[in-house]
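Residue strings, one per chain:
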Amino acid sequence: MLDANMPTDQVCLGRKRPVPSCPNPLFLQWLTELRDSAKEKGLKTQYVYQKAINSLKKYPLPLKNGKEAKILQNFGDGICKILDERLEKHYRENGQGPQFSADGSDAPIHLAPSFQRSNMASSKQMEAPTNEPSGNLSEHMKRTQREVRKEKGTKKKREYVPQKRSGGYAVLLTLYRHAQTPGSKGFMFRNELQTEAQPLCEKSFTVPDLGSKYTAWSSVSTLIQKDLLVKTHNPARYSLTDQGLALAEKLDSEETGMAKEHVEQMSEEEDARDGPDVVDLTLEEEEQEEKERCRSSKSLERPATALNVNQARGQISESDAAGKSQTPETGRTAMGWHLPPGSYDIVLCVDVIETTGGSSGRKQELVKELQRNCVTFDIRKLNVGDFLWVAREKVTPVPGQLRPPVGKELVLDYIIERKRMDDLCGSIIDGRFREQKFRLKRCGLRKPIYLVEECGSAAAHLSIPESTLQQAIVNTQVVDGFFVKRVQDVKESAAYLTIMTRYLQKLYHNCTLFCRSRELEGDGGDESEQTANLSCSLMAFTEFNYGAIKNKCQTVREVFARQLMQISGVSGDKAAAVLEHYSTVSSLLQAYDQCSSESEKEKLLSSIKYGKLKRNLGPALSRTIYQLYCTRGPLS
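Everything numeric here is computed off the predicted structure, so don't read it as measured data.

## Some details on the layout of surface pockets
Argument step 1. Put simply, the second largest pocket is a space of about 1,400 Å³.
Argument step 2. Lining the second largest pocket are 42 residues, and of these Lys441, Val479, Asp480, Gly572 and Asp573 sit closest to its centre.
Argument step 3. The dominant element in the lining of the second largest pocket, judged by the number of residues it contributes, is helix α22 (residues 572-581), at 8 residues.
Argument step 4. Classifying every residue of the lining of the second largest pocket by side-chain character gives 18 nonpolar, 9 polar and 15 charged.

## Regarding empty space enclosed by the protein
Argument step 1. Across all of its chains, the model carries 3 cavities of 30 Å³ or more by this definition.
Argument step 2. Estimated volume of the second largest cavity: approximately 40 Å³.
Argument step 3. Along the walls of the second largest cavity sit Lys419, Leu424, Phe433, Tyr450, Val452, Ile473, Thr476 and Val484, which together make up its complete lining.
Argument step 4. Of all the secondary structure elements, the ones that give two or more residues to the lining of the second largest cavity are β10 (447-453) and α16 (466-478).
Argument step 5. Residue classes in the lining of the second largest cavity are distributed as 6 nonpolar, 1 polar and 1 charged.

## Describing the nonpolar core
Argument step 1. In this structure, Trp389, Tyr508 and Leu513 are the most contacted members of the largest nonpolar core, which totals 32 residues.
Argument step 2. Counting residues per element, this core draws most heavily on helix α17 (residues 490-507), at 6 residues.
Argument step 3. Setting aside chain neighbours within four positions, we find Trp389 in contact with Ile346, Val347, Leu348, Leu410, Val411, Leu412, Tyr414, Ile416, Leu497, Met500, Thr501 and Leu504.
Argument step 4. Of all hydrophobic cores here, the second largest spans 28 residues; its members include Cys349, Val390, Ile415 and Phe433.

## Let's talk about the packing of aromatic side chains
Argument step 1. In total, this model carries 8 aromatic pairs according to the counting rule given.
Argument step 2. With 6.3 Å between their ring centres and 70° between their planes, Phe205 and Trp217 make a pair best called edge-to-face. Here Phe205, found in the loop between α7 (190-197) and α8 (219-225), pairs with Trp217, found in the loop between α7 and α8; they are 12 residues apart in sequence, far enough to count as distant. For the pair shown, Phe205 and Trp217 are each scored as buried.

## Topic: the pairing of strand β2 (residues 229-232)
The side chains of a regular strand alternate between both faces of the sheet.
Argument step 1. For β2 and strand β3 (residues 237-240), the ladder comprises 4 bridges, and the chain directions are antiparallel. Pairing of Lys231 across the sheet is with Tyr238, part of β3.

## Here we look at the side chain of Thr501
Argument step 1. Along the chain, Thr501 turns up in helix α17.
Argument step 2. A polar side-chain atom of Thr501 sits 2.9 Å from a polar atom in the side chain of Trp389.
Argument step 3. Residues in contact with Thr501, not counting those within four places in the same chain, are Leu348, Val375 and Trp389.

## Here we look at the sheet that holds β2
Argument step 1. As summarised here, the arrangement of the 3 strands in space is β1-β3-β2, forming an open sheet in which the pairing is antiparallel. Pairing within the sheet leaves two strands with one partner each, and these edge strands are β1 (188-189) and β2.
Argument step 2. In terms of strand pairing, β1 meets β3 through 2 bridges, oriented antiparallel. Across the sheet, Met188 pairs through a bridge with Tyr238, a residue of β3.
Argument step 3. Against the sheet, helix α6 (residues 167-180) engages β1, β2 and β3, with an angle of about 85° to β3.

Criteria and cut-off values
- Residues numbered from 1 in each chain as written.
- Predicted model: local features only at pLDDT ≥ 70, side-chain atom pairs only at ≥ 80, totals over all residues.
- Heavy atoms only, no water.
- 1 Å grid on protein atoms, 1.4 Å probe; cavity = no way out; pocket = protein on both sides within 12 Å on 5 of 7 lines; lining within 4 Å.
- Points joined across faces, edges and corners; volume = space filled by probe spheres on them.
- Helix = DSSP H or I, 4+ residues; strand = E, 2+ residues; numbered from the N terminus.
- Nonpolar A, V, L, I, M, F, W, Y, C, P; charged D, E, K, R; others polar.
- Core = buried A, V, L, I, M, F, W, Y, C linked by side-chain atoms within 4.5 Å.
- Buried < 20%, exposed > 50% of the residue type's maximum accessible area, 1.4 Å probe, protein only.
- Contact = heavy atoms within 4.5 Å.
- Phe/Tyr/Trp six-rings, centres within 6.5 Å; stacked < 30°, edge-to-face > 60°.
- Pairing = 2+ DSSP bridges.
- Polar contact = N/O pair within 3.5 Å; in protein donor to acceptor, adjacent residues only side chain to side chain.
- Axes fitted to C-alpha atoms, helices over the stretch in contact; angles between N-to-C directions.

What follows is the structure, encoded as structure tokens:
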């Protein structure tokens, strides 16, 4: 036992310089902090850090940096990167460069400030007596750890930057470059955004990888969550926020700089291969200019170095946009993409309902007849119509990939609704017949066709007289403007589909097909003029099928149109004519309020023109609509 009254300067217990148990105390301290932080948050990474701590304690030699720690067990790239970043910060705060060991070796001794201060304090205790209690050192250590944790908590949040050639990277760049083009609308729809962004992304925006359910489009939700992208309207419109615009501009400048460096490097290599340029001073000025022109034309012929920055960014010249220079591959223009002649196949699309359910034997007979006629067809879900044709891009399978790339598809302007007499009778009774005709008119295709199959004597036993059915067919052709084709049975239906497929293959044989957006460009011009000019503007299949969804979210205008069509005598043309003057119920009610008398209100809609013949809506129908929306009690 030592006497409590014995002076402390006479007894010096322990070594003068305490050696830490681990030769890398700084790394040990940081890993401990990371483990404690993960433990407080309930993260499973605490066990990873604990394994790394155990491996570090067993290692007897000092480490120069975090990269060297990768030789240890349980040290991955992430932990080594964190250690390097903290070590660099430690050097900035506590002096330049590492401290080296006393024996002159290259291995630095990473001493944390707390260890350095404790060493200094212990040496002072050896040199001079002190009256401070032994608890001060531990309190100082705790205070230092609190400061470190506080500094760690106030660390600036790392900015989100999408990985190069990822889905988010491609979407940001595409929206930014689209916004820089003259006459840009400031937003893009999903289909055109996926089409334009696909060349900038390694993964597909529509087809997930093998064994995964995610596509490159899944990263759009991350961009919206990070406030880089905003989604509005229905159909959805995507545009950049101010923060996303700044990030996209930064990404675009980096890619443009890399493209410039690549072009300059390839040009220098080509010039070095050609040898130094020697100017012959004895040549006349004209000969010198001719030589310069030859040199410039030679540089334009180089496939690797002739790419300018705009072409590297996915843009094309005005002559390419006009279709003057065509390539066998799918081309792109400022307004969208196009399919040159010979780069696509005409394929018949059959609705899946036409092949399954009901009398499956009769429906399978249609498929067998198409196969017997050697018709290229595809069975898929069609949201409107029973048959249509698409121009499908020819794609080449990529070596090493299980599935070939997804070819682009454009919908031709022909769509067929197939009706048997019994089906026609049922659709008239439940109201589907008028609704289907209205949806076919609004689908965006210019050539709707009704294919009516006679069912012989069975028409006489239906709940609606045969004369009424025949009158409905005539009205469909004369009043509604549909082309009606009558056939006897399924074989004739298959024969008609075969003939139409062959006809369309010949019609579009030498045509350049341009993709148009239904929301922006309307229904396009006359198809006869376009085929005569060997060019045609068509919708993408994905956009067409999405726009034809029956039960999708509807606008106020669409709901108003459906309400009007429930009134007896109001056809699709009449409802559309009313919507041209009053797009919502609110605007119609405001117009009624501005009328001075009751009779003026009843005749408000009577002079509205509808249809091709521009007939008046009439006072009777105008009075019915007024009573429906303005009468509080029962209608008279």
